[in-house]
Amino acid sequence: MTHRVVVLALDGVVAFDLSIASRVFTSASLAAGRPLYETLTCTVDGGPVRTTAGFSLLPDHGPEIIATADTLVIPGPYEGPLMESAELDPRLEAALATAPKDVRWVSICTGAFVLAAAGLLDGREATTHWFHADELAEMHPRVRVNPEVLFVDDGQVLTSAGAAAGIDLCLHIVRTDHGAEVANHAARRVVVPAWRDGGQRQFIERPVPEVTDTGTSATRQWMVEHLDQPLDLRRLAAHARMSVRTFTRRFREETGLSPGQWLLRERVERARHLLESTDLSVERIARDAGFGTTASLRQHLNAAVGVAPLAYRRSFTCRGPARPA
């Protein structure tokens, strides 16, 4: 069955944020060649709402469709009562109360203020745009606000940072629902990177480090192309033409991760992609992803997603036949 995504447009909504869900989920359906998602937009009272882009919009639906949502997306308002009060407007509160118990809640940017006011983030880790993170934490002290990450997936409730981080979160949802191939093709249609880890740092305003070298971007690309080989710090630093100490420092500044953490993440993602999209043996995948042994692959995949390689592969068999590498 087609998964229904309902986008709730609030007064003062950021126009860019409002368009993200429709663009990404529609692209996922086109990429798969069959309807995976149906995206509908509504308002609290069925009437028009102002946007931050200097125009108002009138969606086709009122709040009655919230009761039919499989996923409910709340893009962020830029200003107004939601940013100033910890309580919801009675009409908004009533509209949210009609959502199914098993609905997946998603906020983009300051939409987290809505979820927090509804009590959905109490005791959970969540994020929002870094500029408003302190406000969210102060207004809703029961929410564990993480201002550094692009998005947080806490099961039934997912939150993203500002603007483009909403694209990352929606692609993450597509990947979780339908696998890497569909998400990658959807990203290609939207012309954005296929994947940025939710734990990657937001681009928060910070003093720019002194430029003393050329950065690690080229070496990161080289690492991705040589995941099946031993990649120790000395070899990586030599490729970047830096000392080990300088390379390690610059790598963390640019990615928010140590080289070892980043490399492990990329190897896990390579293994997941091969398990989803090929018929290669687990032993071959372990070698190609750089884990060396099936035991190592099993350990790290289980730590990352909670399942063993064969179980992970079985979970994607219903999404289309695997293809040889």
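Residues numbered from 1 in each chain as written. Predicted model: local features only at pLDDT ≥ 70, side-chain atom pairs only at ≥ 80, totals over all residues. Heavy atoms only, no water.

(A) Broad picture of the overall build of the protein. Counting secondary structure elements, the protein contains 13 helices and 10 strands. Per-residue burial over the protein gives 48% buried out of 325 residues. Put simply, 66% of the contacts in the protein that link residues at least 6 apart link residues at least 24 apart. When the accessible surface of the protein is summed, it comes to about 15900 Å², and 53% of that surface belongs to carbon and sulfur atoms. (Helix = DSSP H or I, 4+ residues; strand = E, 2+ residues; numbered from the N terminus. Buried < 20%, exposed > 50% of the residue type's maximum accessible area, 1.4 Å probe, protein only. Contact = heavy atoms within 4.5 Å. Areas by Shrake-Rupley, 256 points an atom, 1.4 Å probe, with all protein chains shown as cover.)

(B) Representation of the packing of helix 6 (residues 180-190) against helix 10 (residues 259-277) in the model. As a packed pair, helix 6 and helix 10 sit with axes 9 Å apart at the nearest point and diverge in direction by 105 degrees. As the angle between them shows, helix 6 and helix 10 are arranged roughly perpendicular. Along its contact with helix 6, which presents Ala180, Glu181 and Asn184, the element helix 10 presents His273, Glu276 and Ser277. Here the residues of the contact of helix 6 with helix 10 sort into 1 nonpolar, 3 polar and 2 charged. (Axes fitted to C-alpha atoms, helices over the stretch in contact; angles between N-to-C directions. Parallel < 35°, antiparallel > 145°, perpendicular 65-115°, else oblique. Nonpolar A, V, L, I, M, F, W, Y, C, P; charged D, E, K, R; others polar.)

(C) Representation of the sheet that holds strand 9 (residues 151-154). The mixed open sheet is built from 6 strands, whose spatial order is 2-1-5-6-10-9. Each having just a single partner strand, strand 2 (37-43) and strand 9 make up the two edges of the open sheet. Looking at each pair of strands side by side, their axes are set apart by 15 degrees on average, direction ignored. Bridge count between strand 5 (residues 71-75) and strand 6 (residues 104-108): 5 bridges; the pairing is parallel. Following the sheet pairing, valine 73 is matched in strand 6 by valine 106. (Pairing = 2+ DSSP bridges.)

(D) Structural detail: the pattern of salt bridges. The tally for this structure, following the rule as stated, stands at 16 salt bridges. Glutamate 269 is the partner of arginine 175 in a salt bridge, and the nearest nitrogen-oxygen pair spans 3.0 Å. Taken together, the positions of arginine 175 in helix 5 (residues 165-178) and glutamate 269 in helix 10 put the pair 94 residues apart, joining distant regions of the chain. Across the pair arginine 249 and glutamate 253 runs a salt bridge, and its minimum N-O distance is 3.5 Å. Remark: glutamate 253 and arginine 249 occur in helix 9 (residues 244-255); sequence separation between them is 4 residues, near one turn of the helix. Linked through salt bridges whose partners overlap, the residues forming this network are Arg220, Arg249, Arg250, Glu253 and Glu254. (Salt bridge = Lys/Arg side-chain N within 4 Å of Asp/Glu carboxyl O.)

(E) Region of the structure containing the side chain of histidine 3. Take histidine 3: it is sitting in strand 1 (residues 3-9). Those residues within four positions of histidine 3 in sequence are excluded, and the remaining contacts are Leu36, Tyr37, Glu38, Asp70, Thr71 and Arg104.

(F) Fine view of the pairing of strand 9. In terms of strand pairing, strand 9 meets strand 10 (residues 157-160) through 4 bridges, oriented antiparallel. When the bridges of strand 10 are listed, aspartate 153 appears paired with leucine 158. Linking two consecutive strands that pair antiparallel, namely strand 9 and strand 10, is a turn of 2 residues; a positive phi of about 80 degrees is found at glycine 155 within it.

(G) Main features of the pairing of strand 5. Most of strand 5 sits out of view: 5 of its 5 residues are buried. Both faces of strand 5 are covered, namely the face carrying Thr71, Val73 and Pro75 and the face carrying Leu72 and Ile74. Of the strand pairs in this sheet, strand 1 and strand 5 are connected by 3 bridges, and their pairing is parallel. Within strand 5, the residue paired with valine 7 across the bridge is valine 73.

(H) Seen up close, the nonpolar core. Formed by 33 residues in total, the largest nonpolar core has its most connected members in Val24, Phe25, Tyr37, Val73 and Val174. Taken together, the elements giving at least two residues each to this core come down to strand 1, helix 1 (15-32), strand 6, helix 5 and helix 6. Considering each element in turn, this core owes the most residues, 7 residues, to helix 5. With residues near it in sequence (within four places) discarded, valine 24 still touches Ile167, Cys170, Leu171, Val174, Ala186 and Val190. The next biggest cluster of nonpolar side chains, apart from the first, holds 31 residues, and it includes Ile65, Leu92, Ala126 and Leu136. (Core = buried A, V, L, I, M, F, W, Y, C linked by side-chain atoms within 4.5 Å.)

(I) Summary view of the packing of aromatic side chains. Enumeration according to the criterion identifies 4 aromatic pairs in this entry. Between the aromatic rings of phenylalanine 25 and tyrosine 37, the centroid separation amounts to 4.7 Å while the plane-to-plane angle is 45 degrees, which identifies the pairing as tilted. Here tyrosine 37 lies in strand 2 and phenylalanine 25 lies in helix 1, a separation of 12 residues in the sequence. Per residue, the accessibility class of phenylalanine 25 equals that of tyrosine 37, and both read buried. With a centroid separation of 5.5 Å and an interplanar angle of 55 degrees, the aromatic rings of phenylalanine 247 and phenylalanine 251 are classed as tilted. Taken together, the positions of phenylalanine 247 and phenylalanine 251, both in helix 9 and 4 residues apart, correspond to about one turn of that helix. Of the residues examined, phenylalanine 247 reaches a relative accessible area of 0% and is grouped as buried. (Phe/Tyr/Trp six-rings, centres within 6.5 Å; stacked < 30°, edge-to-face > 60°.)

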